[in-house]
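Structural description and commentary
Here is what each chain is made of, one letter per residue.
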Amino acid sequence: MTVQAQDLGARVAGVPRARRRRRAFRAEGRAAFWFLLPSLLGFLAFLLFPLLASLALSFTNWQLLAEPKFVGVANYIRLFKVDPSFWRALANTFFYTAEYLVLNIVLAVGMAVWISSLRWGKRFFRLIFFLPTFTPMIGASLVWVLIFTPGGLMDWLVQSLGLPIPNLLVDPAWAMQAIVIVSLWSGFGYNLLLFGAALESIPQTYLDAAQIDGANAWQRFWRIKLPLISPTLFFGTVMTAITALQVFDQVYSMTRGGPGAATATLGFFIYQNGFTTYRMGYASSIAWVMFVIIMALTALQFRLQRKWVHYDD
């Protein structure tokens, strides 16, 4: 009987304590809600609502100055079956993304490994290569236009070296290379810093043990360094691919999609239809196609990363 009374007393004493916990939890929840409300309103007003509005507009023929009229999937049918400019822009986008992604990752990894092997000057070189990422792309592109202008610095350098390379900006076969060069100059420093930090986090004991076992520099890189930085490498690859698929600033500033349509990408194609010909509904459909492509390729990268990314248990 005494034991039962003690249990009942403990339960009764625990009731106010549980209520106090619930009240404190509700109070913390209300405080968190008011703190998060400005960010939530910003998310709704500047991200979610425009996103849904663009999806709705993609099913209309809105031309900015007229009332939008519902046309169903006519924009998407025209995009895939009628408009050859879309396929040209899509091919240009994939070509640019593939070339820029490979060159960016290879250059960033190579430079990061070289800088990490230095005994002095690591911070200096990382700073030098990272500084271009602070430069606005529009401003940097305009400076590079002066370099690539016929009769400019690049033409002088090519002629001095006797290279059979035409002017990049005026030759349809080479114009995309100018876009890639400017993008690499401006963007690879971010990945270099990212991969450099990952290399610095590798325990030196792993490398010393491999060297004692007779592994050369290439084997240490391929068998130890690369697997250990693979999560960071995966992150850099995904972010670089997403950025490359949305390329616009360099194309707009340097070539306006030309010569002809040699450098017209999906981002520039959206701009042309939305802000040049004022076909906002059609431009919205292109934007959603690009969104689906980016999501699909990102999902594919996440699936493939199981085969080459090694996470610490």
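Details of the structure are given in the entry above.
Residues numbered from 1 in each chain as written. Predicted model: local features only at pLDDT ≥ 70, side-chain atom pairs only at ≥ 80, totals over all residues. Heavy atoms only, no water.

With that out of the way, let us pick up the packing of helix H10 (residues 230-245) against helix H13 (residues 280-304). Where H10 meets H13, the closest approach of the two axes is 10 Å, and the angle between their N-to-C directions is 165 degrees. Considering the angle they form, H10 stands roughly antiparallel to H13. You can see that H10 and H13 cross each other, and the crossing is right-handed. Contacts from Phe 234, Thr 237, Val 238, Ala 241, Ile 242 and Leu 245 of H10 reach H13 at Met 290, Ile 294, Leu 297, Thr 298, Gln 301 and Phe 302. Per-class residue counts for the contact of H10 with H13 are 9 nonpolar, 3 polar and no charged. (Axes fitted to C-alpha atoms, helices over the stretch in contact; angles between N-to-C directions. Helix = DSSP H or I, 4+ residues; strand = E, 2+ residues; numbered from the N terminus. Parallel < 35°, antiparallel > 145°, perpendicular 65-115°, else oblique. Left-handed = near helix turned anticlockwise from the far one by under 90°. Contact = heavy atoms within 4.5 Å. Nonpolar A, V, L, I, M, F, W, Y, C, P; charged D, E, K, R; others polar.)

We now examine the environment of Ser 54. Turning to its location among the elements, Ser 54 is positioned in helix H1 (residues 2-57). In this structure the C-alpha to C-alpha distance between Ser 54 and Asp 312, which are 258 residues apart in sequence, comes to 42 Å. Leaving out residues up to four positions away in the same chain, Ser 54 has contacts with Ser 284 and Trp 288. Of the polar contacts made by the side chain of Ser 54, one reaches the side chain of Trp 288; its length is 2.9 Å. (Polar contact = N/O pair within 3.5 Å; in protein donor to acceptor, adjacent residues only side chain to side chain.)

Now for the side chain of Asn 273. Here Asn 273 is to be found in helix H12 (residues 266-276). Taking relative accessible area as the criterion, Asn 273 reaches 3% and is therefore assigned buried. When near neighbours in sequence (up to four residues on either side) are disregarded, Asn 273 contacts Tyr 278, Arg 279, Met 280, Tyr 282, Ala 283 and Ile 286. (Buried < 20%, exposed > 50% of the residue type's maximum accessible area, 1.4 Å probe, protein only.)

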